[in-house]
Amino acid sequence: MINTVILILVIISFLMIITEDLIHINKAKTTLFFGTLCWILAFIFPINNNLASETTHQLNENLLEIATLWLFLMSAMTFVAYLNSKGFISALVQRILPEKISERGLMFVIAIFAFVFSSFADNVTATLVSIAVVMNLQLEVKKRLKYATLIIFSVNSGGVSLITGDVTTLMIFLENKVTISNLLILILPSFLGVLTLASLLSMKLSGEVKLAQTRIKIEKSDIIIALIFVLTISGTLLANVLFHIPPVLSFLFGLSIMFLVANLLPNKNNQDALNYIRDVEYDALLFFLGVLLLVGILKEIGVLNGFTQLYQYLPAITVNYLVGFMSYVIDNVPLTAALLKSGVDMKITEWLMLTYATGVGGSILVIGSAAGIIAMSKVKGLNFISYLRNAVYLIIAYTVGYIGVYFAANWALT
């Protein structure tokens, strides 16, 4: 009886996530409410007649996974919040872009920038910065929509190859399904998918674009913090590969260095660097907390066994490809969490293909990823229907990247 009640509550929660824009209730609120409620019910009405100590042990295992993810994301978001508030990111973008460029050339420049930037920053920041560049240009609405479509796909593609770039990649890595060196295999096929989409979208472009060159001054202190951020990312990757140091520990260490160094730097009209933690998007972190609590309870009541059965009937390569399409309807965080909790047994190549599918598949619909939702709120004329017009191009690009992962992984891992 309690299993059925919990399942119903989880379904209601996931429906409220999907219909967030219709019901106007933040998904962080709904997932946190239902996630904690389900676990409370598990204590009051024990699942499978578990003792309270057994349920506590199950909850503690889930909370440990959540805390690791939380602390890592909080550290990365604090760095980005600091640099973004100082205007460092915007100033850097202005220095990269030329004064004049063809519309077709700009398509590839935007693709490369969004792809690379999203590997280091979170998808929301990468999308906002990339969209801001496009919005400052005098472009026709149809052309602007093409650039916005490319940005969404590029941001999602760029994040899948590094644990700093995509939450689902981080989740799969923390479950020891892939290593950091394995994930680097995704860079080339992911980029190939982005170049494919840029080529398809730029076929009818022939004009020229002039870019504003109003330079924003970059403070030396901000350059130092940016270097610490880059060193933290590279140091985290190297420390894990060489000494198996958990990424969360290395990133927290880098964050502590940032706080100490910022305290010693000239502080003209600046707040204490520690205060930038307040600028972190805690609604996103609370959403992850709620989702992982929900998926954790689904595992305990045995619902996730259905995923395992699906992999028994179809090849993992086929199922993973379809999971990419599922991720534009179902949020990729609970989808990935469900797959990880289900105990599916796959080879490293297949886990890499799943990593790509969950990270990039949501790009096929504008509502399928955080990048799409952000872009839709910022670009006039970008909506479900207008984005759908490029669906064929998006599916082709996703498929090219997915097939590329298969060949790249088989070549690199043999």
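Just so you know, these numbers come straight off a predicted model, no measurement behind them. (Residues numbered from 1 in each chain as written. Predicted model: local features only at pLDDT ≥ 70, side-chain atom pairs only at ≥ 80, totals over all residues. Heavy atoms only, no water.)

So, the overall build of the chain
Next up, step 1: Looking only at helices and strands, the chain has 21 helices and 2 strands in total.
Next up, step 2: Its C-alpha radius of gyration of 22 Å places the chain within 12% of the 22 Å reference for a compact globule of 414 residues.
Next up, step 3: When the 414 residues of the chain are sorted by exposure, 54% land in the buried category.
Next up, step 4: Of the roughly 19000 Å² of accessible surface on the chain, a fraction of 66% belongs to carbon and sulfur atoms.
Next up, step 5: Across the chain, the 24 positively charged side chains and the 22 negatively charged ones have centroids separated by 13 Å. (Helix = DSSP H or I, 4+ residues; strand = E, 2+ residues; numbered from the N terminus. Rg over C-alpha atoms; globule rule 2.2 N^0.38 Å. Buried < 20%, exposed > 50% of the residue type's maximum accessible area, 1.4 Å probe, protein only. Areas by Shrake-Rupley, 256 points an atom, 1.4 Å probe, with all protein chains shown as cover. Lys, Arg positive; Asp, Glu negative; His and termini not counted. Charge placed at Lys NZ, Arg CZ, Asp CG, Glu CD.)

Some details on the packing of aromatic side chains
Next up, step 1: Enumeration according to the criterion identifies 15 aromatic pairs in this entry.
Next up, step 2: An angle of 55 degrees between the planes, with centres 5.1 Å apart, marks the rings of Phe115 and Phe191 as tilted. With a gap of 76 residues between them, Phe115 in helix α6 (residues 103–120) and Phe191 in helix α11 (residues 187–201) connect regions that are remote in the sequence.
Next up, step 3: Pairwise contacts between aromatic rings join Tyr321, Phe325, Tyr356, Tyr398 and Tyr402 into one cluster.
Next up, step 4: We note Lys27 situated over the ring of Phe287; from NZ or CZ to the ring centre the distance is 4.5 Å. (Phe/Tyr/Trp six-rings, centres within 6.5 Å; stacked < 30°, edge-to-face > 60°. Lys NZ or Arg CZ within 6 Å of the ring centre and 35° of its normal.)

As for the confidence of the model for the chain
Next up, step 1: Looking at the chain as a whole, its pLDDT mean stands at 87, while 96% of the residues score no less than 70.
Next up, step 2: Taking the mean pLDDT of every element in the chain, the minimum, 74, falls on helix α5 (residues 88–96) and the maximum, 97, on α11. (pLDDT = per-residue confidence, 0-100.)

A few points about the packing of helix α7 (residues 123–135) against helix α8 (residues 141–159)
Next up, step 1: Between α7 and α8, whose axes approach to 10 Å, the crossing angle comes to 155 degrees. One element, α7, and the other, α8, form an angle in the roughly antiparallel class. At the point where α7 passes α8, the crossing takes the right-handed sense. Along the contact surface, α7 presents Asn123, Ala126, Thr127, Ser130, Ile131, Val134 and Met135, while α8 presents Arg144, Tyr147, Ala148, Ile151, Val155 and Asn156. (Axes fitted to C-alpha atoms, helices over the stretch in contact; angles between N-to-C directions. Parallel < 35°, antiparallel > 145°, perpendicular 65-115°, else oblique. Left-handed = near helix turned anticlockwise from the far one by under 90°. Contact = heavy atoms within 4.5 Å.)

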